[in-house]
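# Notes for the structure review
Residues per chain, in single letters:
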Amino acid sequence: MNIFQSSKSKLPGTNGTELYRYANAIYKKIASRTKRRPYIRSKYFKKEKVFLDYFWGHLETKNWNDRVRRLTYYNCAIDLIMNTTSRPEIVSNPNDKSQRFYRFRGKTREGERFAVQIMENINGTEKLFISLYPDP
């Protein structure tokens, strides 16, 4: 599996409030381009839409320290989704056979590793950016 080298760096900030402000500004900039659900187009999926709104609901289920840890990589994750052509790890959901997960690996400009997970229904109706975490 290839690792995508992002041209973006991690979000600045040391506490969660600052990180939320920066990440939310990136999200709102993307969301302002459409009246419906915010999305970005992915090179790997042949310019298909990857919807971003599911990630924020998933993030709310995590504790505060985990949210901060994940949000620092938000800028790099958006860059990875839009520009990667490397082959991801593909896993089917053991609880729901109608879903498939694509796990992309990347590096920030500083060299820190992270992973992005995108969910797709087997019938291919839509792709959702669901998770982002530092990769040990």
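As a reminder, the structure under discussion sits directly above these lines.
The text that follows walks through the structure, step by step, so that each part is easy to find. (Residues numbered from 1 in each chain as written. Predicted model: local features only at pLDDT ≥ 70, side-chain atom pairs only at ≥ 80, totals over all residues. Heavy atoms only, no water.)

The subject of this paragraph is the overall build of the chain. Within the chain, the regular secondary structure consists of four helices and seven strands. For the chain, the N- to C-terminal ordering of α and β elements is β-α-β-β-α-α-α-β-β-β-β. Overall size of the chain, expressed as C-alpha extent along the three principal axes, is 40 × 35 × 30 Å. Sorting the 136 residues of the chain into buried and exposed places 46% on the buried side. For the chain, long-range pairs separated by at least 24 residues make up 56% of all intrachain contacts whose partners lie at least 6 apart in sequence. Here the chain has roughly 7600 Å² of accessible surface; of this, 47% comes from carbon and sulfur atoms. Side chains of the chain carry 27 positive and 13 negative charges; the gap between the two charge centres is 5 Å. (Helix = DSSP H or I, 4+ residues; strand = E, 2+ residues; numbered from the N terminus. Buried < 20%, exposed > 50% of the residue type's maximum accessible area, 1.4 Å probe, protein only. Contact = heavy atoms within 4.5 Å. Areas by Shrake-Rupley, 256 points an atom, 1.4 Å probe, with all protein chains shown as cover. Lys, Arg positive; Asp, Glu negative; His and termini not counted. Charge placed at Lys NZ, Arg CZ, Asp CG, Glu CD.)

Here we come to the packing of helix α1 (residues 16-31) against helix α2 (residues 53-60). When two helices pack together, their arrangement is given by the angle between the helix axes and by the axis-to-axis distance. Taken N-terminus to C-terminus, the directions of α1 and α2 make an angle of 160°; their axes are 12 Å apart at the nearest point. Relative to α2, the element α1 lies roughly antiparallel. Crossing handedness for the pair α1 and α2: left-handed. Mapping the contact onto sequence places Y20, A23, N24 and Y27 in α1 and D53, W56, L59 and E60 in α2. (Axes fitted to C-alpha atoms, helices over the stretch in contact; angles between N-to-C directions. Parallel < 35°, antiparallel > 145°, perpendicular 65-115°, else oblique. Left-handed = near helix turned anticlockwise from the far one by under 90°.)

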